Amino acid sequence: MYKILDKQVLSKNAKMMVVEAQLVAQKARAGQFLIVRVDEYGERIPLTIADSDAAAGSVTLIFQEVGKSTKHMGRLEIGEALTNVVGPLGVPTEIAPYGKVVVVAGGIGIAPIYPIVHSLKEAGNTIIAIIGARTKELLFWEDRIQSCSDQLIICTDDGSYGRKGFVTQALKELLESDKGIARAWAIGPAIMMKMVAETTRPYQLPTVVSLNTIMIDGTGMCGGCRVELDQGWKFACVDGPEFDGHQVHWESVLERLKYYQAEEHLSTQYWESHSCQLEPLLEETQKHEPQNDHSRQNPHGCAATTGAHPQLQ
Ligand SMILES: Cc1cc2nc3c(=O)[nH]c(=O)nc-3n(C[C@H](O)[C@H](O)[C@H](O)COP(=O)(O)OP(=O)(O)OC[C@H]3O[C@@H](n4cnc5c(N)ncnc54)[C@H](O)[C@@H]3O)c2cc1C
Ligand code: FES
């Protein structure tokens, strides 16, 4: 069990959890991720290591509640625990003294870009960071990104904070005015990373993207995370998650992300309706079994509390 040491709501969309994971914290490097299971019936979900503290033996995760597993995780409180934390997984970011670099993050992508910015700064790079969100309320960690950047450009789609417009507009202006940029990173929704790659392509600026493909085992066994690149198929979990954005076949990435939408929707709906009905029953059970680590789970192991629709198991 991996104890939740801290929990904060960062924005309307993002929650932060600091989780005790001694061995992971000692080995974690920028660009790597974990596979987490909320309880023993839960699906395996990949989440980037947004920060780690080897001395404290903890890792920081930031997640957006988009479906059953992330909503379930968002309900856990300090003192409770995640059942499984596997990692660090994936190839770490290639950190080197490149010179002047630009990092672009959108929405929840601000979390995974932070350790990269931090490591790039430590390696002596000059960093221009462009971060964006739909609106001001969705932005977070401005201070952290600022602390490692030489220049920070903030964009909101609605103009409620910083520049009005997409991060790609700010990026294009930057590339027009500054020909000394050596490399770019982009993390965010797949469509945003695609647009960043298209923006940098005419400038032949090497552009690294971190793909959020659907993953299952995270160890190269199932093929669920496969992505098509110019040089062939790769597995995001073991060959990535970072790839050359100019080589990614974006239409196939975007298409594959939608494969299980109907099942995901059904699973979330099922979990939401059944977990609400069973919450009072679970609270009653917890009162009588205060020492039971599994007390949040349905004591009968039925699928209802875990959100796993019987037809989806
Ligand atoms: C390497 C990697 C790192 C990631 N890091 C973060 C992070 O730091 N913070 C964050 O909020 N999200 C991150 N994600 C995405 C996160 O894993 C998904 O949002 C989560 O799995 C959704 O699960 P759900 O049950 O809540 O939603 P669901 O209802 O199951 O799915 C909602 C959407 O999330 C995507 N998704 C579903 N299952 C998976 C899966 N097993 N793997 C990847 N995507 C999936 C699909 O596009 C789907 O449409 C990362 C993904 C990858 C591959
Ligand atoms: S998640 Fe199974 S091969 Fe990558």
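On a predicted model such as this, the values are computed, not experimentally measured, just so you know.

Definitions and limits used
Residues numbered from 1 in each chain as written. Chains lettered and ligands numbered in written order. Predicted model: local features only at pLDDT ≥ 70, side-chain atom pairs only at ≥ 80, totals over all residues. Helix = DSSP H or I, 4+ residues; strand = E, 2+ residues; numbered from the N terminus. Buried ≥ 20, exposed ≤ 12 C-beta atoms within 10 Å, placed from the backbone. Contact = placed C-beta atoms within 7 Å. Pairing = 2+ DSSP bridges. Near = placed C-beta within 6 Å. Nonpolar A, V, L, I, M, F, W, Y, C, P; charged D, E, K, R; others polar. Domains from an automatic or database assignment. Axes fitted to C-alpha atoms, helices over the stretch in contact; angles between N-to-C directions. Core = buried A, V, L, I, M, F, W, Y, C linked by C-beta atoms within 7 Å. Arc of directions from axis to C-beta. Parallel < 35°, antiparallel > 145°, perpendicular 65-115°, else oblique. Left-handed = near helix turned anticlockwise from the far one by under 90°. Right-handed = clockwise from strand over helix to strand, strands pointing away.

J.: Even after reading the chapter, I still don't get the overall build of the protein, so can you show me in this structure?
T.: Across its full length, the protein carries nine helices and 17 strands. For the protein, buried positions account for 41% of its 313 residues. Contacts in the protein between residues at least 24 apart in sequence constitute 65% of all its contacts with a sequence separation of at least 6.

J.: Explain the sheet that holds strand E7 (residues 81-82) to me, please; I cannot follow it from the model alone.
T.: Remark on secondary structure: sheet strands pair via backbone hydrogen bonds, oriented parallel or antiparallel. Strand order in the open sheet made by the five strands is E5-E6-E2-E1-E7, with antiparallel pairing throughout. Only two strands of the sheet have a single partner each, and these edge strands are strand E5 (51-53) and E7.

J.: Can you walk me through the site of ligand 1 in this structure?
T.: In the region of ligand 1, 25 residues are neighbours, and Thr48, Gly67, Ser69, Thr70 and Glu264 sit closest. Going through the elements one at a time, strand E4 (45-48), strand E6 (58-64), helix H2 (68-75), helix H3 (110-122) and helix H9 (261-288) are the ones with two or more residues in the shell around ligand 1. Of all the elements, E4 adds the most residues to the shell around ligand 1, at four residues. In terms of residue class, the shell around ligand 1 is made up of 14 nonpolar, nine polar and two charged. When residues of the shell around ligand 1 are assigned to domains, at least three fall in each of domain 1 (1-91 + 260-301) and domain 2 (93-210).

J.: Explanation requested: the sheet that holds strand E13 (residues 181-187) in the structure shown.
T.: With mixed pairing, the seven strands of this open sheet are ordered in space as E12-E11-E10-E9-E13-E14-E17. Among the strands making up the open sheet, the edge pair consists of strand E12 (163-164) and strand E17 (242-244). Here strand E14 (residues 207-210) pairs with E17 via three bridges, running antiparallel. Looking across to E17, one finds that Ser210 is bridged to Glu242. Contacts between H3 and the sheet are confined to strand E9 (100-106), strand E10 (126-133), E13 and E14, with E9 contributing the most and set at about 165 degrees to the helix.

J.: Which parts of the structure should I look at to understand the nonpolar core?
T.: The tendency in soluble globular proteins is for nonpolar side chains to be buried side by side. In this structure, Val19, Val103, Val104, Ile110, Val117 and Ile130 are the most contacted members of the largest nonpolar core, which totals 80 residues. A total of seven residues in this core trace back to one element, the largest contributor, which is H3. Shared between two domains, this core holds at least three residues of each, these being domain 1 (1-91 + 260-301) and domain 2 (93-210). Not counting the four nearest positions on each side in its chain, Val103 is found in contact with Ile113, Ile116, Val117, Ile127, Ala129 and Trp185.

J.: Explain helix H5 (residues 167-177) here, please?
T.: Structurally, the α-helix is built with 3.6 residues per turn, so residues lying three or four positions apart point the same way. Of all the positions in H5, only Val167, Thr168, Ala170 and Leu171 are classed as buried. Buried positions in H5, seen along its axis, are confined to an arc of 155 degrees and lie on one side of it. With respect to the buried face of H5, the exposed residues turned more than 90 degrees away are Glu176 and Ser177. If you follow the buried residues of H5, they end up packed against E9, E10, strand E11 (151-156), E12 and helix H6 (190-200).

J.: For this particular structure, what's the right way to read the packing of H5 against H6?
T.: For any two helices packed against each other, one specifies the inter-axial angle together with the distance between the axes. One way to put it is that H5 packs onto H6 with a least axis distance of 10 Å and a crossing angle of 20 degrees. Relative to H6, the element H5 lies roughly parallel. Once H5 is placed against H6, the crossing between them reads as right-handed. Contacts between H5 and H6 pair Val167, Thr168, Leu171, Lys172 and Leu175 from the former with Met192, Met195, Val196, Thr199 and Thr200 from the latter. The class makeup of the residues in the contact of H5 with H6 is six nonpolar, three polar and one charged.

J.: What should I look at first to understand H2 in this one?
T.: Taken residue by residue, H2 has Lys68, Ser69, His72 and Met73 as its buried positions. Seen along its axis, H2 keeps its buried residues to an arc of 130 degrees; they face one direction.

J.: Just to check I follow, could you spell out the pairing of E14 for this structure?
T.: When a strand is regular, its side chains alternate between the sheet's two faces. Burial along E14 is two-sided: the residues Thr207 and Val209 and Val208 and Ser210 are all buried. For the crossover from E13 across H6 to E14, the handedness is right-handed.

J.: How do you make sense of the environment of Ile45 when you look at a structure like this?
T.: Note that Ile45 resides in strand E4. Note on Ile45: 22 C-beta atoms within 10 Å, which makes it buried. Each C-alpha atom, one on Ile45 and one on Ile216, is 7.4 Å from the other, the two residues being 171 residues apart in sequence. For Ile45, the residues in contact, after removing those within four places along its chain, are Ile35, Val36, Ser69 and Thr70.

J.: What should I look at first to understand the environment of Asn13 in this one?
T.: The residue Asn13 is located in the loop between strand E1 (2-9) and strand E2 (14-20) in this model. Residue Asn13 is classed as partly exposed on the basis of its 18 C-beta neighbours within 10 Å. Sequence spacing of Asn13 and Leu139 is 126 residues, and the spatial spacing of their C-alpha atoms is 9.0 Å. Ignoring sequence-local partners within four residues, the contact set of Asn13 consists of Gln64, Ile108 and Leu138.

J.: Can you walk me through unusual backbone geometry in this structure?
T.: A negative phi holds for most residues other than glycine; trans holds for most peptide bonds. Residues Gly87 and Pro88 are joined by a peptide bond in cis, for which omega reads 0 degrees. With omega at 10 degrees, the peptide bond leading from Gly240 into Pro241 counts as cis. Within the element layout of this structure, Pro241 appears in the loop between helix H7 (236-239) and E17. Of note, the phi angle at Trp141 is positive, near 55 degrees, even though the residue is not glycine. Following the sequence through the fold, Trp141 ends up in the loop between E10 and helix H4 (142-148). The phi dihedral of Gln204 falls on the positive side, at around 50 degrees, and the residue is not glycine. Secondary-structure assignment places Gln204 in the loop between H6 and E14. The class for Gln204 is exposed, based on 8 C-beta atoms found within 10 Å.

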